[in-house]
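A closer look at the structure
Residue strings, one per chain:
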Amino acid sequence: MKGNQKIIDALNSLLTHELSAADQYFIHSQMYEDMGLEALYTRLEHEREEELDHAKMLVERILFLEGKPDVGSRAALNIGDDVPSMLKSDLDYELMVVDALKDVIELCEKERDYQTRQILLKLLEDTEEDHTYWLEKQLGLIEKVGLQNYMQSQMGSAG
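About the criteria used
Residues numbered from 1 in each chain as written. Predicted model: local features only at pLDDT ≥ 70, side-chain atom pairs only at ≥ 80, totals over all residues. Heavy atoms only, no water. Salt bridge = Lys/Arg side-chain N within 4 Å of Asp/Glu carboxyl O. Helix = DSSP H or I, 4+ residues; strand = E, 2+ residues; numbered from the N terminus. Buried < 20%, exposed > 50% of the residue type's maximum accessible area, 1.4 Å probe, protein only. Expected span 1.5 Å × (residues − 1). Polar contact = N/O pair within 3.5 Å; in protein donor to acceptor, adjacent residues only side chain to side chain. Core = buried A, V, L, I, M, F, W, Y, C linked by side-chain atoms within 4.5 Å. Contact = heavy atoms within 4.5 Å.

Summed over all chains, the structure comprises 11 salt bridges. Two residues, Glu60 and Lys56, come together in a salt bridge whose shortest N-O distance is 2.4 Å. Of this pair, Glu60 and Lys56 both sit in helix α2 (residues 38-64), separated by 4 residues, roughly a single helical turn. Judged by its relative accessible area of 42%, Glu60 is partly exposed. A salt bridge links Asp126 to Lys122, with the nearest nitrogen and oxygen atoms 2.8 Å apart. Highlighted residues: Asp126 and Lys122, both in helix α4 (residues 114-145), separated by 4 residues, approximately one helical turn. Overall, the relative accessible area of 14% leaves Asp126 in the buried class. By sharing partners, the salt bridges in this structure join Arg43, Glu47 and Asp130 into a single network.

Attention now goes to helix α1 (residues 5-35). Residue pairs spaced three or four apart in an α-helix point in one direction, given the helix's 3.6 residues per turn. Taking 1.5 Å of rise per residue, 31 residues should cover 45 Å, and α1 covers 45 Å from first to last C-alpha, within 8% of that figure. For α1, the N-terminal capping position is held by Asn4, with its side-chain oxygen 2.7 Å away from the main-chain nitrogen of Lys6. Positive phi shows up at Gly36, right after α1, with a value of about 85°.

Looking now at the nonpolar core. In this structure, Leu11, Leu14, Leu58, Leu101 and Leu120 are the most contacted members of the largest nonpolar core, which totals 25 residues. Elements with a contribution of two residues or more to this core: α1, α2, α3 (83-110) and α4. Broken down by element, this core gets its largest block of residues, 9 residues, from α3. Those residues in contact with Leu14, other than ones at most four positions away along the chain, are Leu58, Ala100, Leu101, Val104 and Leu120. Counting 15 residues, the second largest nonpolar core, distinct from the first, contains Tyr25, Leu37, Leu44 and Leu91.

Once that is clear, we can look at unusual backbone geometry. Positioned with a positive phi, Glu66 is a non-glycine residue whose angle comes to about 65°. The residue Glu66 is located in the loop between α2 and α3 in this model. Notably, Arg112 is not glycine yet its phi reads approximately 60°, a positive angle. By relative accessible area, Arg112 is classed as exposed at 64%.

Below, the structure written as structure tokens:
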């Protein structure tokens, strides 16, 4: 089905964000593992996998619309130096993705592409209710219990 080029371009932009987020989560997860923070490592690996699932959904939709997925582009990564800055960097990226998703959802409504809109609503739900919420909760825990207590709690496995 020949798709709207504006939508295909917007989906490729979102694809860049999802792949960049996966890369950032990968680097941060490896840093957590190196620090001995196994619970954070495990959770970030889960987040990385979800970003790749999102990317797969976008690639499938772009192909369906007869577009060419751009899997080579990446946004600049913001790699943290310590646990709070890594969590904050990931949160900032997720909040940016939330805004981008909302913009593309609005474009889909304007262009009357309701199926693409439906796919993006699922990505928005995951991004807001899982990724962003979890990151905000972690930063809140650091404020409540202190960094050392938080880090100690992340030394065990996540489950």
